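# Structural overview
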Amino acid sequence: METKAAINNRKSTRAFLKQAVSKETVEELLNLAKQAPSWVNSQPEHVYAVSGEKLAELKRAYKAAAQSGQKGNPDIPVKSRAEWAEQGQSNMKEWNDNLPKVLGAKWAEIMGEHSAVLYNVPNLLILTLPKGYSDWSLYDLGAFGQNFITAATDKGLATMTAYQFIKYPKILRETLNIPDDEVVVIGIGFGHADPNDQMNKITSTRMPLEEFVTFED
């Protein structure tokens, strides 16, 4: 697959088959991801590649936390949509308004059921940065994640970058032995998409260039 095709074919997948990705393939994808640009070659990221029984343990702990009414408390706080800039709010509303058209009247319930089981991902990456990281490192980590996602798409794999994976950092630290001097930033689930699940029919649009690009000649 050409780079252009991999970028265009990428989408957020919200329902996965049980088939896990081999360690060899994960290592190949991570080796590609690490070629991302990095501020003064600092390479600040740490990656936890989770699968098998350890991932099952994590899912059980997340489910128990949710059932007990525990609220998410990510290391990087989540802002209310009302606090976002107008452009972001408009785009989020458009996406949200499309959900009932795809999933029906019970869309919120369906979304909740899938997120509660972490979308059944068979493989998961948890990406962290050291405490006290430079703001520039957030760009580095984003570039690393995008390289991984593009490489995974090129392999015919599906991906999902989601808050749901990192909403309980205390559980992540206990389950994956993540030290306190690392900040949990984001999680990327990946594997093979379930072609029969309606959740994977959710799509999103991107703004035309004239709405966010200024050309200066």
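A brief look at the structure comes next.

Basis of the calculations
- Residues numbered from 1 in each chain as written.
- Predicted model: local features only at pLDDT ≥ 70, side-chain atom pairs only at ≥ 80, totals over all residues.
- Heavy atoms only, no water.
- Salt bridge = Lys/Arg side-chain N within 4 Å of Asp/Glu carboxyl O.
- Helix = DSSP H or I, 4+ residues; strand = E, 2+ residues; numbered from the N terminus.
- Buried < 20%, exposed > 50% of the residue type's maximum accessible area, 1.4 Å probe, protein only.
- Pairing = 2+ DSSP bridges.
- Axes fitted to C-alpha atoms, helices over the stretch in contact; angles between N-to-C directions.
- Contact = heavy atoms within 4.5 Å.
- 1 Å grid on protein atoms, 1.4 Å probe; cavity = no way out; pocket = protein on both sides within 12 Å on 5 of 7 lines; lining within 4 Å.
- Points joined across faces, edges and corners; volume = space filled by probe spheres on them.
- Nonpolar A, V, L, I, M, F, W, Y, C, P; charged D, E, K, R; others polar.
- Core = buried A, V, L, I, M, F, W, Y, C linked by side-chain atoms within 4.5 Å.

When their charged atoms lie close together, side chains carrying opposite charge are able to pair. Under the defined criterion, the tally for this structure stands at 7 salt bridges. We note a salt bridge from Arg-60 to Glu-53, for which the minimum N-O separation is 2.7 Å. For the salt bridge of Glu-174 with Lys-170, the shortest nitrogen-to-oxygen distance reads 2.6 Å. Pair noted here: Glu-174 and Lys-170 are both in helix H7 (residues 169-176), with a separation of 4 residues, about one helical turn. Grouping residues by exposure puts Glu-174 and Lys-170 together as exposed. Members of the salt-bridge network, linked through shared partners, are Asp-75, Arg-173 and Asp-180.

Before going further, it helps to examine the sheet that holds strand S2 (residues 123-130). Within a beta sheet, neighbouring strands are joined by backbone hydrogen bonds and run either parallel or antiparallel to one another. Strand order in this open sheet of 4 strands is S1-S2-S4-S3, and the pairing throughout is antiparallel. Both outer strands of the open sheet, strand S1 (46-51) and strand S3 (158-162), are each paired with one neighbouring strand and no more. Between one strand axis and the next, the sheet turns by 25° as a mean value, whatever way the strands run. With 8 bridges joining them, S2 and strand S4 (residues 182-191) adopt antiparallel strand pairing. When the sheet's bridge partners are listed, Leu-125 is paired in S4 with Ile-188. In the packing of helix H6 (residues 136-154) onto the sheet, the strands contacted are S1, S2, S3 and S4, and the crossing angle to S2 comes to about 160°.

Of the voids in this model, the largest pocket is the one considered here, and its volume is about 2000 Å³. As for the largest pocket, its lining consists of 40 residues, of which Arg-14, Arg-81, Met-92, Trp-95 and Thr-161 are closest to the centre. Contributions of two or more residues to the lining of the largest pocket are made by helix H4 (86-103), helix H5 (107-116), S3 and S4. Sorting elements by how many residues they give to the lining of the largest pocket places H4 first, with 8 residues. Partitioned by chemical class, the residues of the lining of the largest pocket number 20 nonpolar, 13 polar and 7 charged. Secondary structure elements with two or more residues in the lining of the second largest pocket: H6 and S4. In terms of residue count, the dominant contributor to the lining of the second largest pocket is H6 (6 residues). Residue composition of the lining of the second largest pocket, by class: 7 nonpolar, 4 polar and 1 charged.

It is worth spelling out the nonpolar core at this point. If you look at the biggest cluster of nonpolar residues, it comprises 23 residues, and the most contacted ones within it are Ile-126, Phe-165 and Leu-172. For this core, the elements supplying multiple residues, two or more each, are S1, helix H3 (52-67), S2, S3 and H7. Among the elements that make up this core, the one with the highest residue count is H3 (4 residues). Here Phe-165 is in contact with Tyr-62, Leu-118, Tyr-119, Val-121, Leu-124, Ile-126, Met-160, Leu-172, Gly-187, Ile-188 and Gly-189, once residues within four sequence places are set aside. Judged by nonpolar contacts, the second largest core, of 19 residues, contains Leu-29, Ala-152, Val-185 and Ile-188.

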